[in-house]
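Listed below are the residues making up each chain.
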Amino acid sequence: MFTSPVCSLTDMLGGEYTEYVRRAAAFFGVTDADALIREKVAFYPEHVQRENDRLLRKVGTQVLPAFDGPSDGAATSAFSKALHKNAAPLSGYGCYRLGEDGRLYLLGKSEHYHASLGHAFPGYRLVDRARRLGIPNATHNTTRGYITRLLEKRLSDAAGGGYRVVNLETGSLGVEAGVKQMLSRFYKLEDISDTPPYLGRVPVFLVMADDHDGREGNYHGTTVLTQTMRGLWPDFAKRLEDANIYRVVPVLPNNAADFREKLTAYNRPPYKTAGFLHELVMMNYGAVRLTDAYIREVYALCRETDTPTLCDEIQTGMWYDGLFLFLQYGISPDMAVIGKGFPGGEYPASRLLVRESCDRLNLFGALVTNGQEELASLSYLITMRFAEENGTELTRLGTLFEDGMRDLAVQYAGVVSHAEGRGHLAALHFRDTEEAARFAKLLNARCIDASAQLYKTHCPPAVLFKPPVIASEAVLRYILTACADALDGMKG
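Residues numbered from 1 in each chain as written. Predicted model: local features only at pLDDT ≥ 70, side-chain atom pairs only at ≥ 80, totals over all residues. Heavy atoms only, no water.

Asks: A description of helix α18 (residues 473–491) should follow, citing residues and the corresponding values.
Replies: Compared with the 27 Å implied by 1.5 Å per residue over 19 residues, the 26 Å span of α18 between its first and last C-alpha is a close match. The complete set of buried residues in α18 reads Val475, Leu476, Ile479, Leu480, Ala482, Cys483, Ala484, Ala486, Leu487 and Met490. (Helix = DSSP H or I, 4+ residues; strand = E, 2+ residues; numbered from the N terminus. Expected span 1.5 Å × (residues − 1). Buried < 20%, exposed > 50% of the residue type's maximum accessible area, 1.4 Å probe, protein only.)

Okay, structure coming up:
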């Protein structure tokens, strides 16, 4: 079973700070402030863990009459077409969501990869207590609260030390802030800014390629700059490149020779490599996993050529022992971006960790009004505390799930091409898109969330999984068994 930390707000935040919070709350008329700061909360007690396992037998069953909501909303045409009202949440508990159709769904991919601790995680009751005490969520860059400042230091320490932290909201904004740090070495942010060291050179961003040496392999958010990096806005991107504003060069996954060749070519005038952006498990490209040998070699090349590295851990952060997957690779990126799993889906809250050598933006260069939210920072600290105390179990369960996926690929080699990913972040690759779509449809019919990644022209036909960190061995084996059942049906 998982270890369940038992903590009060005082345990989490320190006695000196919470005593001042108690006194401030009393000033505003909160009569139970002392209890709110001192009473302990069990993060994931055994009875909750047992209930999560018991609910497995209800997955896919009708536990309530269907709710036929009269409103379809007022979304844009694209979002309206993508809506699946049947699976929209009425409620959630642990690894499960109760849909509007009255059926129980299993979170095979942690909602959209961000509910790391599932739904209604008991540890987040500390956030409710902080709110009752009057600790405000709304603050500003110039009045960053104690909890946010405490989190900044703990994140830096957990990542190996020496990082500065920019508090943002979404992963897209976090990566864009890192891209702007890179751009600032070529262009001035303001007229009064210092002269950039590479003024006059054309910045070249290296990103992960797809299997056809195109741009579809990478994904770093939805801002215009990062969308051009993955092949969107092609006419706009071409005009920028023709004008020598900046250039995007894709590098083949796990091909160090290709990386070296392109790095050398684009470190000659008029070009200069502006940075290397990458994930470690490419969840938006079939969960392709970068190898340890590859990533260490290309990081050494980046150091030799003064090419800043940005490790995008929006997907991987919080799903591995040590919180940051890059630590298991033995690398130390110049910048790292986290979000999704760290606040556990409770808040949109991303962070850019940046080395002093790359810290070049002024306050307005990466300004986000709501990025400093105190309760969001507290949710980070709670999630981190649980993961830090369960690192060994996370590794055990992740290995079990990864091995299970690889066993399926061998057992059903006639249907499955191979398995990809690392730990909980996993994918089965199929021989064609029709088979991938059919497999995902069979799982979805059983109310198990799994995504067929078919929307990219050159993406491998893959079906993705990312169970919550709190998924027990029973939950993971249930998913693996369901996969085997689906593959049996396809094989026949």
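There's more to say after this.
Asks: Break down the environment of Leu425 for me, with residues and values.
Replies: Residue placement: Leu425 occurs in strand β16 (residues 425–430). Linking Leu425 and Tyr320, residues 105 residues apart in sequence, is a C-alpha distance of 9.9 Å. Setting aside residues no more than four positions away along its own chain, Leu425 makes contact with Val281, Met283, Gln315, Thr316, Trp319, Tyr320, Glu420, Phe465 and Lys466. (Contact = heavy atoms within 4.5 Å.)

Asks: If you had to explain unusual backbone geometry to someone new, which residues and values would you point to?
Replies: At the junction of Pro269 and Pro270, the peptide bond is cis and its omega measures out at 10° in the coordinates. If you trace the backbone, Pro270 turns up in the loop between α12 (256–265) and β9 (271–278). Notably, Glu111 is not glycine yet its phi reads approximately 60°, a positive angle. By secondary structure assignment, the location of Glu111 is in helix α6 (residues 110–113). For Glu111, a relative accessible area of 16% translates into the label buried.

Asks: Before we move on, could you go through the nonpolar core and cite the residues and values that matter?
Replies: Phe276 and Phe439 are the most contacted members of the largest nonpolar core, which has 132 residues in total. No other element matches the ten residues that α18 contributes to this core. Aside from chain neighbours lying at most four places away, what touches Phe439 is Leu428, Phe430, Val463, Phe465, Cys483, Ala486, Leu487 and Met490. Within the second largest apolar cluster, 27 residues are counted, among which are Val175, Val179, Ala274 and Val354. (Core = buried A, V, L, I, M, F, W, Y, C linked by side-chain atoms within 4.5 Å.)

Asks: Please set out the packing of α12 against helix α13 (residues 292–304) residue by residue, giving values where relevant.
Replies: At a minimum axis separation of 10 Å, α12 and α13 run at an interaxial angle of 15°. Comparing the axis directions of α12 and α13 gives the class roughly parallel. In this structure, the crossing between α12 and α13 has a hand that is right-handed. Contacts between α12 and α13 involve Ala256, Phe259, Arg260 and Leu263 from the former and Tyr294, Glu297, Val298, Leu301 and Cys302 from the latter. Tallied by class, the residues present in the contact of α12 with α13 amount to seven nonpolar, no polar and two charged. (Axes fitted to C-alpha atoms, helices over the stretch in contact; angles between N-to-C directions. Parallel < 35°, antiparallel > 145°, perpendicular 65-115°, else oblique. Left-handed = near helix turned anticlockwise from the far one by under 90°. Nonpolar A, V, L, I, M, F, W, Y, C, P; charged D, E, K, R; others polar.)

Asks: Provide a residue-level description of the environment of Arg97, including the pertinent values.
Replies: Turning to its location among the elements, Arg97 is positioned in strand β4 (residues 96–99). Residue Arg97 is classed as buried on the basis of its relative accessible area, which comes to 5%. Sequence separation of Arg97 and Val63 is 34 residues, and the distance between their C-alpha atoms is 12 Å. Once residues lying within four places of it in the same chain are set aside, the contact partners of Arg97 are Ala87, Ala88, Pro89, Ser91, Gly92, Arg103, Leu104, Tyr105, Leu107, Glu111, His119 and Asp449. Among the polar contacts made by the side chain of Arg97, one reaches the main-chain carbonyl oxygen of Ala87 at a distance of 3.1 Å. (Polar contact = N/O pair within 3.5 Å; in protein donor to acceptor, adjacent residues only side chain to side chain.)

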